[in-house]
Amino acid sequence: MEINKTEAALTLAAIDAAGARTTQLQCYRRFAPFMILWGAIWLLANSVSDLAPDQSGTVWLALTLLGATASWWIGWRQHAAVAEGSTPRTRLDQGWRWMLCFLVIVAFQVAALAVLAPSDARQQDTFSSMFWTFLYMAVGCWIGWRLFAIGLVATLLILLGYFGVHSHYFLYMGCVSGGALMAGGLWLRRL
Amino acid sequence: MNELIHQPTRLKIMATLNALRGAAKLEFTELRKLLSVTDGNLGTHLATLENAGYVEIEKTFVGKKPCTRVSLTRAGRRAFDTHIQYLRDIIHASG
């Protein structure tokens, strides 16, 4: 059986489309556990900020450290599951890269907040949260529309809360924005 | 031309599995959804590819639930790469 140039081009296009879909699926699945994890952390930490403001700083710090450690572990596990010739050393390296990447972003946030000096905790919380949701949108431009949509919905919910919710703002942020991230993470896991 | 790979459904199976990272595997049900084919159709084509040594089918249990996971073999990856090169050569040869 011989095929002509047009048929060959169509076949290559079909191969590219199938491969792109698989790549997108894998990226979504890599992102999903991080999104669920940090959605849960937002939910818990913001709820504490609302219900027990005195404990807020300690709880945010503890949960952020817990989240960073869990992110390292997730990165380590993901690498172990897919890497050919994976060794404990390469898995450790991958885990550290994820954690370092996270710490770089957190360091930027701390530096930005020091420069911008928000006047209250609401502004600080909104800035930090929106930074991540915009990051999801930016990454989504490359990886896939679902990630972009999750970032967009979470950003709109944050802005709605900042401008429209005046009492129990942190509880709103925890439940709605944290919930949106967790739901988004579950959505990313679906085909 | 590798006519075994060139069949449309098998070509999509190979392309999908070829895009998996490293040693990653895809569950049978996920592959079925990605390709929009029936269980029977997918099973038949996978058996053909397995007999040719292009795919590896691993059957395990997650709890009490059976789980079938599929991946490309090294021979499958090589055959697929060769087929893609064959298609590219046709395009380039035609000018």
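Predicted model, so just to flag it, every value in this text is computed and none were measured.

(A) Inspection of the overall build of chain A at higher detail. Check the secondary structure of chain A and you find six helices and zero strands. Each helix and strand of chain A, placed in order from N terminus to C terminus, yields the pattern α-α-α-α-α-α. Reported as C-alpha extents along the three principal axes, the dimensions of chain A are approximately 75 × 40 × 30 Å. A total of 191 residues make up chain A; the buried ones form 41% of that total. Counted over contacts in chain A with a minimum sequence separation of 6, partners at least 24 positions apart contribute 66%.

(B) Region of the structure containing the interface of chain B and chain A. The interface of chain B with chain A comprises 26 residues on the first partner and 24 residues on the second. On the chain B side of the contact with chain A, Arg-21, Leu-34 and Ile-91 of chain B bury the most area, a combined 25% of that side's loss. Across the pair Glu-30 of chain B and Arg-29 of chain A runs a salt bridge whose closest N-O atoms are separated by 2.2 Å. The interface formed by chain B and chain A holds five residue pairs in polar contact (both at pLDDT 80 or more) in total. Elements supplying a minimum of two residues to the side of chain B that touches chain A: α1 (3–6), α2 (8–18), α3 (28–35) and α5 (74–93) of chain B. Here the side of chain B that touches chain A takes seven residues from α5 of chain B, the largest share from any one element.

(C) Representation of the pairing of strand β2 (residues 55–62) of chain B within the structure. Two strands pair when backbone bridges link them, and β2 of chain B and strand β3 (residues 65–72) of chain B are joined in this way by eight bridges, in the antiparallel orientation. When the sheet's bridge partners are listed, Ile-57 of chain B is paired in β3 of chain B with Val-70 of chain B.

(D) Geometry of the packing of helix α4 (residues 121–143) of chain A against helix α6 (residues 169–189) of chain A. Residues and elements named next belong to chain A. Look at α4 against α6: their axes get within 12 Å of each other, and the N-to-C directions meet at 10°. On the basis of their axis angle, the class for α4 and α6 is roughly parallel. Each of Ala-121, Arg-122, Asp-125, Thr-126, Ser-129 and Tyr-136 in α4 lies in contact with α6, whose residues at this interface are Tyr-169, Phe-170, Met-173 and Leu-181. Looking at side-chain class alone, the contact of α4 with α6 contains six nonpolar, two polar and two charged residues.

(E) Looking closely at the layout of surface pockets. Residue and element names in this part refer to chain A. In this structure, the largest pocket encloses a volume near 1,000 Å³. Forming the boundary of the largest pocket are 36 residues, of which Trp-38, Phe-102, Val-106, Gln-109 and Trp-132 lie nearest the centre. Those elements giving two or more residues to the lining of the largest pocket turn out to be α1 (5–51), α2 (56–82), α3 (88–116), α4 and α6. Per element, the largest residue contribution to the lining of the largest pocket is 10 residues, and it comes from α3. Of the residues belonging to the lining of the largest pocket, the class tally is 25 nonpolar, 10 polar and one charged.

(F) Seen up close, the packing of α1 of chain A against helix α5 (residues 145–164) of chain A. Residue and element names in this part refer to chain A. At their nearest, the axes of α1 and α5 sit 10 Å apart, and the two run at 20° to each other. Taken as axis vectors, α1 and α5 run roughly parallel relative to one another. Contact with α1, carried on its side by Gln-24, Tyr-28, Phe-31, Met-35 and Trp-42, involves Trp-145, Arg-146, Leu-147, Ile-150 and Ile-158 of α5 and no other residues of that element. Grouping the amino acids of the contact of α1 with α5 by side-chain chemistry returns eight nonpolar, one polar and one charged.

(G) Here's a closer look at the pairing of β3 of chain B. Residue and element names in this part refer to chain B. Note: strand β1 (residues 26–27) against β3, two bridges, orientation antiparallel. Following the sheet pairing, Glu-27 is matched in β3 by Arg-69. Linking β2 back to β3 in an antiparallel pair, the connection comprises two residues, with Gly-63 at a positive phi of about 70°.

(H) Broad picture of the pattern of salt bridges. Residues and elements named next belong to chain B. Following the criterion strictly, the structure yields four salt bridges over all chains and no others. For Asp-39, the salt bridge goes to Arg-32, with nearest N and O atoms at 2.7 Å. A relative accessible area of 40% places Asp-39 in the partly exposed class. Residues joined by salt bridges that share partners form a network here, namely Lys-25, Glu-58 and Arg-69.

(I) View of α6 of chain A. Residue and element names in this part refer to chain A. Look at α6: 30 Å from first C-alpha to last across 21 residues, which is about the 30 Å you get at 1.5 Å a residue. Listed in full, the buried residues belonging to α6 are Tyr-169, Phe-170, Tyr-172, Met-173, Gly-174, Ser-177, Gly-178, Ala-180, Leu-181, Gly-184, Gly-185 and Leu-188. Close packing links the buried residues of α6 with α1, α4 and α5.

Quick notes on the rules
Residues numbered from 1 in each chain as written. Chains lettered and ligands numbered in written order. Predicted model: local features only at pLDDT ≥ 70, side-chain atom pairs only at ≥ 80, totals over all residues. Heavy atoms only, no water. Helix = DSSP H or I, 4+ residues; strand = E, 2+ residues; numbered from the N terminus. Buried < 20%, exposed > 50% of the residue type's maximum accessible area, 1.4 Å probe, protein only. Contact = heavy atoms within 4.5 Å. Buried area = accessible area lost by both parts, 1.4 Å probe. Salt bridge = Lys/Arg side-chain N within 4 Å of Asp/Glu carboxyl O. Polar contact = N/O pair within 3.5 Å; in protein donor to acceptor, adjacent residues only side chain to side chain. Pairing = 2+ DSSP bridges. Axes fitted to C-alpha atoms, helices over the stretch in contact; angles between N-to-C directions. Parallel < 35°, antiparallel > 145°, perpendicular 65-115°, else oblique. Nonpolar A, V, L, I, M, F, W, Y, C, P; charged D, E, K, R; others polar. 1 Å grid on protein atoms, 1.4 Å probe; cavity = no way out; pocket = protein on both sides within 12 Å on 5 of 7 lines; lining within 4 Å. Points joined across faces, edges and corners; volume = space filled by probe spheres on them. Expected span 1.5 Å × (residues − 1).

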